[in-house]
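Structural features, examined
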Protein chains: 2
Amino acid sequence: MEVENNATLPPPEGPVSQPLAFRDEEGELNLEFLAAAADAIEASDTERLRELVEDFHESELGDLLEALEPDHRPRLIELLGSAFDFTALTEVDEAVREEILEELETATVAEGVRELDSDDAVTILESLPAEEKAEVLEQLPAMERVALQRSLEYPEDSAGRRMQTEFIAVPPFWTVGQTIDFMRETPDLPETFYEIFVIDPAGHLLGAVALDRLLRSKRPITIQEIMDDEPDRVEATEHQEEVARLFERFNLVSAAVVDEANRLVGVILVDDIVDVLEEEADADIKQLGGVKPDEELSDTVFYIQRSRFPWLFANMCTAFLAAGVIRIFESSLQHMVALAILMPIVASMGGNAGTQTMTVAVRALATRELGRSNAWRIITREAAVGLLNGIVFAVIMGGLAALWFQSPEIGLVIGLALITVLIFAALGGIFVPLGLNRLGVDPAVSSGPFVTTITDIVGFFSFLGIATLWFKL
Amino acid sequence: MEVENNATLPPPEGPVSQPLAFRDEEGELNLEFLAAAADAIEASDTERLRELVEDFHESELGDLLEALEPDHRPRLIELLGSAFDFTALTEVDEAVREEILEELETATVAEGVRELDSDDAVTILESLPAEEKAEVLEQLPAMERVALQRSLEYPEDSAGRRMQTEFIAVPPFWTVGQTIDFMRETPDLPETFYEIFVIDPAGHLLGAVALDRLLRSKRPITIQEIMDDEPDRVEATEHQEEVARLFERFNLVSAAVVDEANRLVGVILVDDIVDVLEEEADADIKQLGGVKPDEELSDTVFYIQRSRFPWLFANMCTAFLAAGVIRIFESSLQHMVALAILMPIVASMGGNAGTQTMTVAVRALATRELGRSNAWRIITREAAVGLLNGIVFAVIMGGLAALWFQSPEIGLVIGLALITVLIFAALGGIFVPLGLNRLGVDPAVSSGPFVTTITDIVGFFSFLGIATLWFKL
């Protein structure tokens with residue numbers, strides 16, 4: 001990897017400033033670099049600090065901010081002054097961003113936001129309390145203010161929030177030559193763009209021309225002739241996840257954002273979509289593991305403790321239910337302590353098998369691979385897998401238990417219980433996510449507790465129940 | 001969403017062919033459409049079939065293939081003939097692709113592969129058995145064959161496999177005008193590109209120019225003047241995950257691929273990277289849930305049963321260990337059946353708390369957010385969260401258990417056990433992934449069983465052990 005992430009510095013003037021790499025060869029943050037940055041901040045040594053972060057990419061500046069002590073973060077920004085690129089603030093965790101913004105002067109924030117692309121500016125404004133947001137907006141030039149206010153009116157996590165309002169739009173009767181000349185002569189073009197849009201005088205989207213198409217076309221040709229008249233577009237109110245699926249499905253790098261009247265209001269670029277996909281995958285992974293999707297590495301102990309509490313509490317209730325089932329068989333357990341020893345195995349096998357099926361179902365629902373057209377096929381397949389694994393493990397574990405307790409009957413009982421619980425685990429693992437999804441609840445958030453409740457209760461009930469009947473306890 | 005995914009057809013000629021949408025408004029596959037396609041395949045009605053899939057994007061054609069019965073899939077391709085875009089085969093699950101390719105004639109495959117971008121061609125060739133791969137390669141024009149063979153020599157999942165070998169490279173002394181004219185006059189340009197590369201006569205990469213930069217520059221300016229002389233580049237042998245992190249970090253849409261001597265060999269585009277990120281997130285989610293990352297919705301029952309077996313088997317061994325711990329306290333259980341009823345609660349709380357911490361740690365390791373610079377901070381934070389939640393749940397559950405069994409002592413014992421197990425769960429949840437990562441093992445694959453082994457054993461041991469000591473059983 002030879003890209004900018006090893007920001008080596010030019011030879012230093014004095015003996016103090018040695019060139020220091022921000023990341024080591026394995027891509028880990030260089031602790032020496034961090035120490036040097038912290039020292040420079042402590043000493044308010046602006047020059048040294050600028051030297052250290054010279055040529056930094058915004059994402060590296062963001063990583064540095066996150067790695068610093070919380071009270072060093074706003075000081076870094078103040079010390080760097082105009083050398084600090086506020087885009088870096090879009091690259092840090094939300095909690096860190098909010099904390100930093102709280103410390104900064106409104107004027108500093110307004111100054112920083114002015115330099116940003118509108119999508120980045122929106123991200124920063126979103127993190128400000130209402131009052132400060134209004135103050136910052138007031139300090140911006142009217143054009144920018146109006147565009148940002150409009151973006152902020154769209155729902156959270158919508159295409160309108162993620163879009164950039166800087167784009168190039170030309171009329172259809174322009175020629176390729178005219179368009180290229182226009183771009184050469186306009187100093188204030190968007191920083192990055194991959195297509196230009198074609199609109200009518202009222203701003204309605206008529207088409208789009210990819211840059212490579214434009215470059216390949218001769219100057220006298222009109223835009224109308226080369227434009228794609230069914231360009232990729234999304235409505236501004238669309239949820240960002242839907243937009244991301246669209247980019248993924250059609251391999252897009254950019255898409256027009258239109259309002260309900262098909263007027264062009266912005267453009268969404270693929271780099272924002274990459275972030276959305278990552279966020280979404282992150283959320284799914286965390287939720288399946290019982291962690292709230294907004295938990296970040298930079299959160300405090302108390303925040304995390306409170307945020308993880310509900311899941312554990314739900315699990316405690318579940319576990320009490322399961323214990324209630326066990327208590328029904330209190331006298332059986334008294335007569336035969338082997339049951340108490342083996343019963344966690346049955347429940348745990350059921351829990352794991354249920355989790356396997358649930359994981360596949362939740363992910364397939366998230367990526368839209370599982371739908372009405374194949375639900376039944378997947379359900380029967382999972383049930384069959386459950387039955388097969390049930391039989392296999394009934395044999396293995398039945399044998400082991402029989403040997404361990406010198407009782408073939410114990411083996412038989414645990415085997416029968418296992419087949420039962422693995423079938424229920426498969427059915428629970430698929431029906432719970434499908435059902436929650438049908439009810440409009442995100443299956444990643446809440447499938448887990450339901451599935452383990454099913455597997456625990458079925459596990460304990462079937463094992464202890466079959467044992468009680470068999471041994472006439 | 002108004003993009004091509006509602007492929008409505010032109011007005012039909014006869015009464016048979018009604019316009020049918022491929023997806024309904026919620027984005028679910030339209031069952032009527034599937035039935036119509038199946039009918040047309042059964043009847044070998046090429047015309048109707050072409051009508052149905054007219055204007056289909058490759059990804060829609062891929063979705064259709066997956067939704068069809070397995071034996072209809074190759075027939076669809078044969079019936080469509082040259083109207084079938086082989087790119088669609090890169091959009092289906094690997095198992096489906098292999099199955100289809102097995103049924104097709106080598107000549108058909110060679111014909112289809114010839115039309116593809118090199119990265120898509122590689123994906124298809126990868127899915128062929130060695131012998132057929134050689135046959136297909138033989139039937140390709142020499143230039144293409146050599147390029148594909150070179151790509152196939154790079155390791156699996158490397159940048160070299162994912163790259164496109166079609167790119168535009170110009171010498172540094174060309175002017176903007178010359179370059180644009182060259183692009184206008186060359187018919188055989190890559191299908192999509194976002195930057196042009198600058199190379200010396202030996203093919204070494206000197207720089208890159210983004211298309212928007214090129215368009216904004218005046219004709220007499222030389223490429224050298226506007227090129228970025230530290231372009232984003234990756235080595236062909238680099239793993240695709242590292243490449244994806246790079247794209248994500250620096251918001252790239254395209255990156256040069258170079259060989260060990262810095263000669264330009266290809267280009268990687270962001271749409272492939274989006275797929276890599278999705279695959280990677282998919283793999284993490286599945287592995288955390290105990291499912292192999294290559295499991296696909298289209299796999300057979302027997303394949304899935306075998307692939308899920310090892311995880312369940314590992315869990316069984318774990319559960320036996322835990323049962324062994326319980327057996328140590330056999331006589332305590334005999335004297336006090338309340339212990340048997342409550343012990344699964346302790347283990348289950350530990351398991352869930354451990355999974356929460358582990359999920360956060362595994363994901364943070366995967367996204368490179370967790371590293372040496374912050375490991376200790378996260379470890380102490382998790383331990384503190386564990387202690388806090390331990391105390392909170394000790395109070396809640398201790399109270400409930402004391403009430404349920406009318407014994408404050410039972411409440412005290414379970415409370416102490418809970419604090420113990422939640423601290424161990426936190427430590428296990430963070431140290432296991434960190435340790436596996438240090439050993440070079442993917443923590444997503446194997447952290448789960450280790451963590452639950454720890455929480456089960458600590459859970460049963462602490463609860464039953466404390467009870468035995470307290471009640472002198």
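Residues numbered from 1 in each chain as written. Chains lettered and ligands numbered in written order. Predicted model: local features only at pLDDT ≥ 70, side-chain atom pairs only at ≥ 80, totals over all residues. Heavy atoms only, no water.

Let's shift gears to the pattern of salt bridges. Pairs can form between side chains of opposite charge once their charged atoms are near each other. Counting across every chain of the model gives 45 salt bridges over all chains. Across the pair glutamate 242 of chain A and arginine 368 of chain A runs a salt bridge, and its minimum N-O distance is 2.7 Å. Of this pair, glutamate 242 of chain A sits in helix H14 (residues 240-250) while arginine 368 of chain A sits in the loop between helix H18 (337-366) and helix H19 (375-404), and the two are 126 residues apart along the sequence. Given a relative accessible area of 30%, glutamate 242 of chain A falls into the partly exposed group. Here arginine 216 of chain B ties to aspartate 212 of chain B by a salt bridge, and the two come within 3.0 Å at their closest N and O atoms. Of this pair, arginine 216 of chain B and aspartate 212 of chain B both sit in helix H12 (residues 211-216), separated by 4 residues, roughly a single helical turn. Exposure remark for arginine 216 of chain B: the relative accessible area of 25% places this residue in the partly exposed category. A relative accessible area of 7% places aspartate 212 of chain B in the buried class. Taken together, the shared-partner salt bridges in this structure form one network comprising Arg245, Glu248, Glu280, Asp284 and Arg363 of chain A together with Glu278, Asp282 and Lys286 of chain B. (Salt bridge = Lys/Arg side-chain N within 4 Å of Asp/Glu carboxyl O. Helix = DSSP H or I, 4+ residues; strand = E, 2+ residues; numbered from the N terminus. Buried < 20%, exposed > 50% of the residue type's maximum accessible area, 1.4 Å probe, protein only.)

Glancing now at the domain arrangement of chain A. Many descriptions give the size of an interface as the accessible area lost when the pieces come together. Assigned domains of chain A: these are domain 1 (31-157), domain 2 (169-288) and domain 3 (301-470). The centre of domain 1 of chain A, based on its C-alpha atoms, is set 48 Å off from the matching centre of domain 3 of chain A. (Domains from an automatic or database assignment.)

A separate point is the sheet that holds strand S3 (residues 205-210) of chain B. All names here are of chain B. If you trace the 3 strands from one edge of the open sheet to the other, you get S1-S2-S3, paired in mixed fashion. The open sheet terminates on both sides in strands that have one partner only, identified here as strand S1 (169-170) and S3. Across 2 bridges, the pairing between S1 and strand S2 (residues 195-199) is parallel. Bridging across to S2, valine 170 finds its partner in valine 198. (Pairing = 2+ DSSP bridges.)

If you walk through the whole model with that rule in mind, you get 24 aromatic pairs over all chains. Pairing phenylalanine 22 of chain B with phenylalanine 56 of chain B gives two aromatic rings, centres 4.9 Å apart and planes at 55°, and the pair type is tilted. Residue phenylalanine 22 of chain B is located in the segment before helix H1 (31-42), and its partner phenylalanine 56 of chain B is located in the loop between helix H2 (46-53) and helix H3 (58-67); the two are separated by 34 residues in the primary sequence. Owing to a relative accessible area of 14%, phenylalanine 56 of chain B belongs among the buried residues under this scheme. The rings of Phe22, Phe33 and Phe56 of chain A are connected pair by pair, giving a single aromatic cluster. Of note, arginine 327 of chain A hangs over the ring of tryptophan 404 of chain B, and the distance from its end group to the ring centre comes to 5.2 Å. (Phe/Tyr/Trp six-rings, centres within 6.5 Å; stacked < 30°, edge-to-face > 60°. Lys NZ or Arg CZ within 6 Å of the ring centre and 35° of its normal.)

Moving on to the interface of chain A and chain B. Taken together, the contact between chain A and chain B spans 131 residues of the former and 131 residues of the latter. Both faces combined, the contact of chain A with chain B buries some 12100 Å², and carbon together with sulfur accounts for 63% of it. Counting the surface chain A buries against chain B, the share from its top three residues, Arg184, Leu215 and Leu297 of chain A, is 7%. For the pair chain A and chain B, the interface holds 10 salt bridges. In this structure, aspartate 282 of chain A engages arginine 363 of chain B in a salt bridge whose closest nitrogen and oxygen atoms are separated by 2.5 Å. For the interface between chain A and chain B, the tally reads 34 residue pairs in polar contact (both at pLDDT 80 or more). Looking at the side of chain A that touches chain B, its residues break down into 64 nonpolar, 24 polar and 43 charged. (Contact = heavy atoms within 4.5 Å. Buried area = accessible area lost by both parts, 1.4 Å probe. Polar contact = N/O pair within 3.5 Å; in protein donor to acceptor, adjacent residues only side chain to side chain. Nonpolar A, V, L, I, M, F, W, Y, C, P; charged D, E, K, R; others polar.)

A few words on the relation of the copies chain A and chain B. Each of the two chain copies can be generated from the other by rotation about an axis followed by a shift along it. Screw-axis analysis of chain A against chain B gives a translation of 0.0 Å along the axis, an RMSD of 0.1 Å, and a rotation angle of 180°. Taken together, the rotation and translation describe the operation of a two-fold axis. When the interface residues of chain A are mapped onto chain B, 100% of them are again interface residues, pointing to one common binding face. (Least-squares fit on C-alpha atoms with pLDDT ≥ 70 in both.)

With that settled, consider helix H5 (residues 94-103) of chain B. Residue and element names in this part refer to chain B. What H5 keeps buried is the set Val96, Arg97, Ile100 and Leu101. On an axial view of H5, the arc spanned by its buried residues comes to 125°, and they lie on one face. Set apart from the buried face of H5 by more than 90 degrees, the exposed residues are Glu102 and Glu103. Summarising the contacts, the buried residues of H5 are in contact with H3, helix H4 (72-80), helix H6 (106-114), helix H7 (118-126) and helix H8 (130-138). (Arc of directions from axis to C-beta.)

Another point: the packing of helix H18 (residues 337-366) of chain B against helix H19 (residues 375-404) of chain B. All names here are of chain B. Running from amino to carboxyl end, H18 crosses H19 at an angle of 160°, the nearest separation of the two axes being 12 Å. Put simply, H18 runs roughly antiparallel to H19. Along this stretch, H18 crosses H19, giving a crossing that reads as right-handed. Facing Ile341, Leu342, Ile345, Met349, Thr357 and Val360 of H18, the residues of H19 in contact are Arg381, Glu382, Phe393, Met397, Ala401 and Trp404. (Axes fitted to C-alpha atoms, helices over the stretch in contact; angles between N-to-C directions. Parallel < 35°, antiparallel > 145°, perpendicular 65-115°, else oblique. Left-handed = near helix turned anticlockwise from the far one by under 90°.)

Our focus in this paragraph is the sheet that holds strand S4 (residues 233-235) of chain B. Residue and element names in this part refer to chain B. Reading across the sheet, the 3 strands line up as S4-S5-S6 and stay open at both edges, with mixed pairing between neighbours. At either end of the open sheet lies a strand with only one pairing partner, and these are S4 and strand S6 (264-269). Between one strand axis and the next, the sheet turns by 35° as a mean value, whatever way the strands run. Across 5 bridges, strand S5 (residues 254-258) lies against S6 in antiparallel orientation. Each bridged residue has a counterpart across the sheet, and for valine 257 the counterpart in S6 is glycine 266.

Once that is clear, we can look at the UniProt feature "transmembrane region" (unreviewed entry) in chain A. Residue and element names in this part refer to chain A. Look at the UniProt record and you will see "transmembrane region" (unreviewed entry) annotated at residues 309-329, 335-362, 383-404, 410-436 and 448-471. Across residues 309-329 one finds 95% helix and 0% strand; the C-alpha atoms that close the span lie 31 Å apart. Taken as a whole, residues 335-362 contains 96% helix and 0% strand, while its terminal C-alpha atoms sit 42 Å from one another. (UniProt positions renumbered as here; feature names shortened; annotations may be inferred.)

This next bit is on the nonpolar core. Among the nonpolar cores identified, the biggest contains 83 residues, and Leu333, Met343 and Phe463 of chain A together with Leu333, Met343 and Phe463 of chain B are the most heavily contacted of them. Apart from the residues lying within four places of it in its own chain, the contact partners of phenylalanine 463 of chain B are Leu339, Leu342, Met343, Val346, Val413, Ile414, Ala417 and Val458 of chain B. Grouped together as the second largest cluster of nonpolar side chains are 60 residues, Ala244, Val253 and Val270 of chain A together with Phe197 of chain B included. (Core = buried A, V, L, I, M, F, W, Y, C linked by side-chain atoms within 4.5 Å.)

Let us now look at the pairing of S6 of chain B. Here S6 of chain B lies mainly inside the structure; 6 of its 6 residues are buried. The turn linking S5 of chain B back onto S6 of chain B is made up of 5 residues, and asparagine 262 of chain B within it adopts a positive phi angle of 65°.

One non-glycine residue with positive phi stands out, namely serine 44 of chain A, at about 50°. Position of serine 44 of chain A relative to the elements: it lies in the loop between helix H1 (31-42) and helix H2 (46-53). With a phi angle near 65°, arginine 368 of chain B is a residue other than glycine that sits in the positive phi range. A relative accessible area of 34% places arginine 368 of chain B in the partly exposed class.

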